[in-house]
Structure formats: structure tokens, C-alpha cells
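Remarks on the overall topology
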Amino acid sequence: MMRDLFDTDSLEICPGMVLLRQFADTASLQPVLESLLAVSPLRRMQTTRGFYLSVQSSNCGQLGWVSDRRGYRYSELDPLTGQAWPDMPAAFRTLAQQAARSAGFAGFDPDGCLINQYVPGTQMGAHQDRDESDVDAPIVSVSMGIDARFFVTGSERRGRSTAVDLSDGDVVVFGGPARLHYHGVRKLKHSEHPRFGAVRWNLTFRKAG
């Protein structure tokens, strides 16, 4: 069960994990996102076992999350272009900091943002965000575009999960006791967003270094 936390627009999913409904102004973020992808295009990353993730990804900020046969890690360079990732836009940083503060995590200063593109039929299995050197800092996850069903299982990968439907502009912040909880996204159903089309974007802000 979820309970009201601060007001009708804020919900505690579990201790340390807060949903901020309609927190992000995605109309203003859309052109910013497009400018970043013009510099560091989307790509489908490979896992250590040789499989490719169903989502396409890019990054911005000082450090970007990358995955290939050598493992999961953060890199200062985009392996696709050989150049530094584009700087994190002020609008992105401000949103992440304000969301973290609203969820009770003041002083958050992200140095990386993972950009994931989901289309109908794609999903993200249960996983931990544990490649960051600073796991005391929270994660801020912003949803843009079509709806998705987010789920969290807790400290174990398998077991009973709590599901939350996310819409355009919703933000999930998790830290403290929920920082290393397993979480993921169920397979997306087909739908259309008036601005983004049949796409969901997820911006995940981290303190990686």
C-alpha cells in the first residue's frame, strides 16, 4: 500500500522511495533532450553475457553509464563518438536537485544522467543501481512520454513486488533504505503521447563519481 506523504501529489512507495506526480515540465525538457541526442546518439548497449538491452541509451554529464562484454561501469567518454559526454543542461540539473529536495534528500548534486528510450514491447528487468561510487546519494528518475508500470521488489531480486503506474512528468526519487532496492519496468503496452509519440523517455540522475 502507498500512503500520502506530503500532499496528494506525493506518495511514499516504500521507506526511502517517493513518487512526485507531474513534477517535471516535460514540454520544456523535450528540446533540451533532442539537443543532447544530436551530440551523443542513442545506442543499444550490450551486457556482459553478450545480449543487447531492449532499450536504447545515451548519457549526459561528467560521467556516463556504459555496458559491454567487459562489464558495467561509468566512463568520461562516449564510446560511440570517442568524445566527452555532453554537459548536463542546467534545466536537467535543477529538476533533479529540486525533486531530490522535495523527497527529503537535500544537497543532491548529480554528475551523470542516463537517458533511456523505451518503445512498446521493451522493458527493464529487476536490477540495482550499484555501479556508483556514492550510494549515499539518491537516484532521481524522470518519466517522459507514454505510460509505464514501474515495480520494486526490495532488497531481493525476486519476490513480491510493488507496482506503480508512471505517466509523463512523474518523478521517482529513492535513497536511504531504498537506495539499493531492486526495481524495473514492465513491458510497455502500445500507446501514443501527443508530443513524444509511441515513446517513453527515462532520465535517471546519479552521483556516480
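Residues numbered from 1 in each chain as written. Predicted model: local features only at pLDDT ≥ 70, side-chain atom pairs only at ≥ 80, totals over all residues. Heavy atoms only, no water.

**With respect to the layout of surface pockets**
Taken as a whole, the largest pocket spans an internal volume of roughly 980 Å³. Lining of the largest pocket is provided by 44 residues; of these, L53, M124, G125, A126 and H127 occupy positions nearest its centre. Residue assignment for the lining of the largest pocket shows that the elements contributing at least two residues are β5 (64-68), β7 (112-118), β8 (124-127), β9 (139-145), β10 (148-154), β13 (182-185) and β14 (200-206). The class makeup of the residues in the lining of the largest pocket is 17 nonpolar, 17 polar and ten charged. Quantified by volume, the second largest pocket comes out at close to 210 Å³. Its residues assigned to classes, the lining of the second largest pocket comprises two nonpolar, one polar and six charged. (1 Å grid on protein atoms, 1.4 Å probe; cavity = no way out; pocket = protein on both sides within 12 Å on 5 of 7 lines; lining within 4 Å. Points joined across faces, edges and corners; volume = space filled by probe spheres on them. Helix = DSSP H or I, 4+ residues; strand = E, 2+ residues; numbered from the N terminus. Nonpolar A, V, L, I, M, F, W, Y, C, P; charged D, E, K, R; others polar.)

**Some points on the pattern of salt bridges**
This structure, assessed with the given rule, holds ten salt bridges. The salt bridge involving R70 is made with D68; its shortest N-O contact spans 3.7 Å. Relative accessible area serves as the criterion here: at 72%, R70 is assigned to the exposed category. Classification of D68 by relative accessible area gives partly exposed; the value is 21%. Where R73 meets D68, a salt bridge forms, and the shortest distance between an N and an O atom there is 2.8 Å. Counted as one network, the salt bridges with shared partners bring together D129, E132, R179 and R206. (Salt bridge = Lys/Arg side-chain N within 4 Å of Asp/Glu carboxyl O. Buried < 20%, exposed > 50% of the residue type's maximum accessible area, 1.4 Å probe, protein only.)

**Notes on the packing of helix α1 (residues 26-39) against helix α2 (residues 90-102)**
Helix packing for two helices is described by the angle between their axes and how far apart those axes are. Across the interface, α1 lies against α2 with an axial gap of 10 Å and an inter-helix angle of 125°. Considering their axes alone, α1 and α2 lie oblique with respect to each other. From α1, L29, V32, L33 and L36 reach across to α2, where they touch A91, F92 and L95. Grouping the amino acids of the contact of α1 with α2 by side-chain chemistry returns seven nonpolar, no polar and no charged. (Axes fitted to C-alpha atoms, helices over the stretch in contact; angles between N-to-C directions. Parallel < 35°, antiparallel > 145°, perpendicular 65-115°, else oblique. Contact = heavy atoms within 4.5 Å.)

**So, the pairing of strand β2 (residues 10-14)**
A large share of β2 lies buried, amounting to five of its five residues. Here β2 runs beside strand β3 (residues 17-20); their pairing, made up of four bridges, is antiparallel. Pairing of C14 across the sheet is with M17, part of β3. Connecting β2 to the antiparallel partner β3 that follows it, the hairpin turn spans two residues, and G16 within it adopts a positive phi of roughly 95°. (Pairing = 2+ DSSP bridges.)

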